[in-house]
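Given next are the chains, with one letter for each unit.
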Amino acid sequence: MQTQEVAMEEGIALLDQLVEEYGDTQEALVEILRDLNDDKGHLTREDLAQVAERLRLPESKVYAVASFYTLISVKPTGKHVVRFCEDAPCHVAGGAEIWEVLEQELGVPFGETTFDDQWTLMPTSCLGTCAVGPVMMVDDDIYGNLTPDKVREIIARYREQDKGGAA
Amino acid sequence: MIRSRVLISGDLMSLHRGAEETKLAIEAELSYYGLTDEVEVSYTGQIDRSDLLPAVVVYPEGVVYGPVTPEDGAFIVEEHLYKGRVVERLKAPVDILTSQTARVIEQKGTTYAQKRVVLRRAGDIDPDSIEDYIINDGYFALGKALSEMTPAEVLQEVKASKLQGRGGAGFPTGLKWSFVVSQPEEPKYVVCNADESEPGTFKDRLILEGDPHAVLEGMALAGYAVGASEGWIYIRGEYKMAKEKLQRAIRQAEEMNLLGDNIMETDFSFHIHVHAGAGAYICGEETALLESMEGNRGVPRIRPPYPTVSGFRGQPTVVNNVETLANVPPIILNGASWFRSIGTENSPGTKVYTMLGDVNVTGLVETPMGTTLREIIEIYGGGMKDGKTFKCAQTGGSAGTIIPADLLDVPMDFASMGSHNAGLGSGALLVCDENTCVVDLAYVLVRFFKTESCGKCTPCRVGTAQMLEALDRLRKGYAKQSDLERLEEIAEYAREASFCGLGQAAPVPILSGLCHFREEFEAHICGECPAGVCPTAPKPACETPVAEEKCAPVPWRPDTEYPLDDPSQIEEAR
């Protein structure tokens, strides 16, 4: 219980900071939601309610905006989010094969989160690094020139890291 | 005392290929030889050849090395900076690069070589240093405008240059500005559209990362011309590095009184803010962008009123693309007639392209307007990969057109491409070889639009889903002749009836694909994929109908068509 309260307080502190930076008008809404999401992984109903209160907006409005943008998630996501570019330049460079490898390797179809809440696999639109396609983004890092082997290696590396961190 | 400068390409692609390790290795080696006080090391933007990344440029000699591994970097320090010998082995090929800077000569035989206006500094300077920008003629145009020109003269110069919007629509920039000037309402705003999310396009990111001050200066000039004192840069949420570079650049310019209040001690004040998005393709549409800036869902507004009349906060607003704004300072500095001497009669200047797909060298190219696709592929793309045959190219990103080999020699500018029912769009060139299936390509493109449709209007929301379904049936070999007819019908509806440019552009790949590669679609009905890409199964006793010469023109419909009271205005602007 205590940790939950601490987390809540930290969330409010962060919100204060963001309001300070972007202002408390509706024009700041998208930026505040995005930065909050960056910090927390996804936004809960409580988070949205807090933002609504601070910016003096209806909760429905805040939810409408939050659910529109791809960098803001209103559903829980896994520890790592894999965003794979599904657009034509990456597709021509061999993206279809990588798509299958990702689904196999993580064991979930696109748009879903694994049972152990470790991975969320999402398609994304262009990441602006088409010259090194196919491209995927794991959390904040972009990986290009993907081959099936490279994908397996990258995912294994994250798994290894997580194990190391837990031990 | 600094005697040498080392610049390392620090764009995403270079970083991905280990530019950071190379930089660290160079710095370590410099401190080993005790050269830290004499040699300055910094990142720069990308040089023009992506096969040479990460590249290292050593000044004052102007030697370009690339690609440079950490070991090579250390070796360059020992040989070049310590012993003073150029490392020939690691030098970039000189037939491509002139000896002095990482540039190609302007004329090469009978064809043009890369001509840089927008990217003239990217890759030569440290984008984090305002001094570097100023030394290379930076903020001179703003100084000239503020001291020698009235706002009306600046506007006139841009009009006379015939600069067209580089975001895709090609609308005359000067004309757009003059719409804002003619509005009585105050205040007015300048918005830079940096929500570059067109698949296959990343020119704006490299301009912002390589030369952020050029965009700031262009915005200030736009502000001066139209009478605005505030500007916003709407940058897509994914471009974190570019955002940081912009924010740093704004701070530096404000410190030197090149932005902010009373710029250069004149009465002109101009403030620039950065507003980052949160991931939505539709926000590149200018009215959706404005909605997003105001804290709403990014759905497009009805037009008219156009943003030039009622834009950000309901005020007259200029919305220009990054590349367009980066063109403004050189126009003001060198004059409109200089600008018109580059490119073609109707579309002067240069265009920055991003070349992708089955060519040997992918990456960024800036050439004069009017360069043909064949020239771009042969000269800058290093030809087709593995010597394969060119089949088609998709120009202008997902919203662009699929063009066949017989259009390879069309001079690429807005007007000539338009007359062949093809679009120049954002400048993405996706080159495909014989192993590409046009149906599969159209499927992927429409899938993108279905995902990105904002859902506001039915023709786009439902139309994209139905088109995707029909294409999927074709791909899998279930489709009948009637499916193809239906697909064409829905595509026409979506193009005619959609609310904004997204829905109007979504059927264009299908229509242009059908126009040039109809027999390939027909073959899929018989369960045959000529390129062998689709998971089809041949049907017994199937005959394809004789393909009639049915090629519906695909007019390129720019999504930023402003209304003109008098059509002669546009003639005048051209």
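The structure displayed is predicted, hence computed values, not measured ones.

Reading guide: rules and limits
- Residues numbered from 1 in each chain as written.
- Chains lettered and ligands numbered in written order.
- Predicted model: local features only at pLDDT ≥ 70, side-chain atom pairs only at ≥ 80, totals over all residues.
- Heavy atoms only, no water.
- Helix = DSSP H or I, 4+ residues; strand = E, 2+ residues; numbered from the N terminus.
- Buried < 20%, exposed > 50% of the residue type's maximum accessible area, 1.4 Å probe, protein only.
- Contact = heavy atoms within 4.5 Å.
- Areas by Shrake-Rupley, 256 points an atom, 1.4 Å probe, with all protein chains shown as cover.
- Domains from an automatic or database assignment.
- pLDDT = per-residue confidence, 0-100.
- Pairing = 2+ DSSP bridges.
- Axes fitted to C-alpha atoms, helices over the stretch in contact; angles between N-to-C directions.
- Parallel < 35°, antiparallel > 145°, perpendicular 65-115°, else oblique.
- Left-handed = near helix turned anticlockwise from the far one by under 90°.
- Nonpolar A, V, L, I, M, F, W, Y, C, P; charged D, E, K, R; others polar.
- Buried area = accessible area lost by both parts, 1.4 Å probe.
- Salt bridge = Lys/Arg side-chain N within 4 Å of Asp/Glu carboxyl O.
- Polar contact = N/O pair within 3.5 Å; in protein donor to acceptor, adjacent residues only side chain to side chain.
- Disulfide = S-S within 2.5 Å.

With that out of the way, let us pick up the overall build of chain B. When helices and strands are counted, chain B shows 21 helices and 15 strands. Burial status across chain B gives 64% buried among its 574 residues. By sequence separation, contacts in chain B at least 24 residues apart represent 70% of the contacts at least 6 residues apart. Total accessible area computed for chain B in this model is approximately 20700 Å², and 50% of it derives from carbon and sulfur atoms.

When you go through chain A residue by residue, the secondary structure sums to six helices and four strands. With respect to the three principal axes, the spread of C-alpha positions in chain A is 50 × 40 × 25 Å. Burial analysis of chain A (167 residues in total) assigns 49% to the buried set. When the accessible surface of chain A is totalled, it reaches about 8400 Å², and 50% of it is carbon and sulfur.

This next bit is on the domain arrangement of chain A. You can read the domains of chain A as domain 1 (3-68) and domain 2 (80-162). Domain 1 of chain A and domain 2 of chain A are separated by 29 Å when their C-alpha centres are compared.

Turning next to the confidence of the model for chain A. Mean pLDDT over chain A stands at 89; residues scoring 70 or higher make up 96%. No element of chain A has a lower mean pLDDT than helix α1 (residues 2-22) of chain A, at 81, and none a higher one than helix α4 (residues 59-66) of chain A, at 96.

A few words now on the sheet that holds strand β14 (residues 401-404) of chain B. All names here are of chain B. With mixed pairing, five strands are arranged side by side in an open sheet as β12-β11-β15-β13-β14. Strand pairing shows two members of the sheet lacking a second neighbour, β12 (363-368) and β14, which therefore form its edges. The mean inter-strand angle of the sheet, taken between neighbouring strand axes irrespective of direction, is 30°. Seen against the sheet, helix α20 (residues 508-525) touches β13 (390-395) and β14 and runs at an angle of roughly 25° to β14.

To continue, consider the sheet that holds strand β10 (residues 317-321) of chain B. Residue and element names in this part refer to chain B. In space, the four strands of this open sheet follow the order β9-β8-β7-β10, with parallel pairing throughout. Edge strands, defined here as strands with exactly one partner in the open sheet, are β9 (271-276) and β10. Here the strands of the sheet are splayed against their neighbours by 20° on average, with no regard to which way each runs. As paired elements, strand β8 (residues 230-235) and β9 share six bridges and run parallel to each other. Directly across from I235, in β9, lies its bridge partner A276. Each of β8 and β9 is contacted by helix α10 (residues 240-255), which is oriented at about 165° to β9, the strand it contacts most.

Here we take up the packing of helix α3 (residues 45-55) of chain A against α4 of chain A. Each packed pair of helices is defined by two parameters, the angle between the axes and the distance between the axes. Residues and elements named next belong to chain A. Across the interface, α3 lies against α4 with an axial gap of 9 Å and an inter-helix angle of 120°. Of the possible angle classes, the one that applies to α3 and α4 is oblique. The way α3 lies across α4 gives a crossing that is right-handed. Contact residues: α3 offers R45, L48, A49, V51 and A52, while α4 offers E59, V62, Y63 and A66. For the contact of α3 with α4, the per-class residue count stands at seven nonpolar, no polar and two charged.

Bringing the interface of chain B and chain A into the picture now. Taken together, the contact pairs 51 residues of chain B with 37 residues of chain A. Summed over both partners, the interface of chain B with chain A comes to about 3400 Å²; 55% of that surface belongs to carbon and sulfur atoms. Counting the surface chain B buries against chain A, the share from its top three residues, H16, A278 and R297 of chain B, is 18%. Between chain B and chain A we count four salt bridges in total. Among the salt bridges present, the one from R447 of chain B reaches E86 of chain A, with a minimum N-O distance of 3.3 Å. Run the count over chain B and chain A and you get 18 residue pairs in polar contact (both at pLDDT 80 or more). Elements with a minimum of two residues in the side of chain B that touches chain A: α1 (12-16), α10, β9, α11 (286-293), β15 (428-433) and α16 (438-452) of chain B. Considering only residue class, the side of chain B that touches chain A consists of 22 nonpolar, 15 polar and 14 charged.

Here we come to the domain arrangement of chain B. All names here are of chain B. Domain boundaries assigned for chain B yield domain 1 (4-96), domain 2 (130-339), domain 3 (350-433) and domain 4 (439-525). Computed from C-alpha atoms alone, the centre-to-centre distance between domain 1 and domain 2 is 34 Å. Each partner contributes to the interface: domain 1 provides seven residues, whereas domain 2 provides six residues. A combined buried area of about 470 Å² lies between domain 1 and domain 2, and 59% of that area is made up of carbon and sulfur atoms. Where domain 1 packs against domain 2, one counts one salt bridge. On inspection of domain 1 and its partner domain 2, the count reaches one residue pair in polar contact (both at pLDDT 80 or more). For the side of domain 1 that touches domain 2, the per-class residue count stands at two nonpolar, three polar and two charged.

What follows is about the pattern of salt bridges. Scanning the entire structure with this criterion turns up 46 salt bridges over all chains. Here D35 of chain A makes a salt bridge to R34 of chain A, at a shortest N to O gap of 3.2 Å. One salt bridge in this structure joins E78 of chain B and K83 of chain B, with 2.9 Å as the shortest N-O distance. Look at K83 of chain B and you get partly exposed, because its relative accessible area is 41%. A single network of salt bridges, built from pairs that share partners, joins R166, K203, D204, E323 and K351 of chain B.

For the rest of this paragraph, the subject is helix α7 (residues 173-181) of chain B. An α-helical turn contains 3.6 residues, so any two residues separated by three or four positions project in the same direction. Taking burial as the measure, the nine residues of α7 of chain B include eight buried ones, the bulk of the element. Turning to α7 of chain B, its buried residues are T173, G174, L175, K176, W177, S178, F179 and V180 of chain B.

This part covers the state of the cysteines. Residue and element names in this part refer to chain B. What the rule picks out here adds up to zero disulfides over all chains. C283 supplies the cysteine sulfur nearest to C192, a cysteine that is in no disulfide, at a spacing of 15 Å. For C192, a relative accessible area of 0% puts it in the buried group. In this model C283 remains outside any disulfide bridge; the closest cysteine sulfur is found in C454, 9.3 Å from its own.

Here N321 of chain B is to be found in strand β10. For N321 of chain B, the contacting residues outside a window of four places in its chain are R166, G167, N193, K203 and D204 of chain B.

Moving on: the environment of D140 of chain A. By the element assignment, D140 of chain A lies in the loop between β3 (136-138) and β4 (141-143). As a C-alpha pair, D140 of chain A and K75 of chain A span 65 residues in sequence and 19 Å in three-dimensional space. A distance of 3.2 Å separates a polar atom in the side chain of D140 of chain A from a polar atom in the side chain of K240 of chain B.

So, on to the pairing of strand β3 (residues 56-59) of chain B. Residue and element names in this part refer to chain B. Residues V56 and V58 of β3 are buried on one face, and the alternating residues V57 and Y59, pointing to the opposite face, are buried as well. Strand direction decides the pairing type here: strand β1 (residues 4-9) and β3, joined by four bridges, are antiparallel. Paired with V6 across the strands is V58, a residue of β3. Two strands pair when backbone bridges link them, and β3 and strand β4 (residues 63-65) are joined in this way by three bridges, in the antiparallel orientation. Pairing of V58 across the sheet is with V63, part of β4.

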